[in-house]
Amino acid sequence: PSSVSSPFGQAFHCNSRAFSLDYSLNEVAGSALADVELWGTEDGGRVWQRWGSDPDRQSPFDVQVANDGLFGFRMVIVSQNGTVSNRPKDGDSADAWINVDTAQPAVKITRAVYGEGHEAGLLVLDYTCSDANLHERPLTLSYSETLNGPWVTITTGLKNTGIYLWKPPASLPEHVFLRLEAVDRAGNVGTHRLDLPINI
């Protein structure tokens, strides 16, 4: 998954509620391993809870969460002589922040008309795109001669401004279908295509 700045440092974005956390056992140093605990927080570190133990005590630790949201995690190593590494207290920060996001961006082409005046000769595309975790340039616009593709990219890395002006090349067929895609930081893709072709 990708990582971006968050209020809690670096948050990794994940589009699955089941994932694995890697950990290192270097801290045990000289004492046999008794347990590997997973501690988690769902409120930015204000309250921590013990989420369980790794049954095979070998990295990675498989995690399943019930909902989307920002989760903080800390792995705690317990040795047989009773030494415990960095068990979190309420108010502590996490070693890893995972933003679980399984929702596709909501994207829709709302209008496609030829412009007038200074926009003459341009196809004016109005659209909406919303998601809590969008990239800065999340959109790709494509066209196809048929409803189901293959799709040819018009532009990619488009900012979410709500409007795009396209000058169709003279080589295009008379009618084309349009598709708009948006991708968020977790890799979820939202797609909208016009069911009726545009008359080029």
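Thresholds, definitions, all that
- Residues numbered from 1 in each chain as written.
- Predicted model: local features only at pLDDT ≥ 70, side-chain atom pairs only at ≥ 80, totals over all residues.
- Heavy atoms only, no water.
- Helix = DSSP H or I, 4+ residues; strand = E, 2+ residues; numbered from the N terminus.
- Salt bridge = Lys/Arg side-chain N within 4 Å of Asp/Glu carboxyl O.
- Pairing = 2+ DSSP bridges.
- Axes fitted to C-alpha atoms, helices over the stretch in contact; angles between N-to-C directions.

Draft legend 1. Representation of the environment of A11 within the structure. Looking at where A11 falls in the secondary structure, it is placed in strand 2 (residues 9-14). In this structure the C-alpha to C-alpha distance between A11 and G72, which are 61 residues apart in sequence, comes to 9.0 Å.

Draft legend 2. Here's a closer look at the pattern of salt bridges. In the structure shown here, the tally under the stated rule is 9 salt bridges. The residue R17 makes a salt bridge to D68 at a minimum N-O spacing of 2.9 Å. Placement of R17 in the loop between strand 2 and strand 3 (18-21) and of D68 in the loop between strand 6 (61-64) and strand 7 (69-79) is noted, with a sequence separation of 51 residues between them. D35 is paired through a salt bridge with R50; the nearest N and O atoms lie 3.3 Å apart.

Draft legend 3. The sheet that holds strand 13 (residues 163-166), seen in detail. The strand order across the open sheet formed by 3 strands is 9-10-13, and the pairing between neighbours is antiparallel. With partners counted over all chains shown, the strands left at the sheet margins are strand 9 (106-114) and strand 13, one partner each. Going across the sheet, the axis of each strand differs from the next one's by a mean of 20 degrees, ignoring polarity. Pairing analysis gives 4 bridges linking strand 10 (residues 123-130) to strand 13, with the strands arranged antiparallel. Bridged to L123 within strand 13 is W166.

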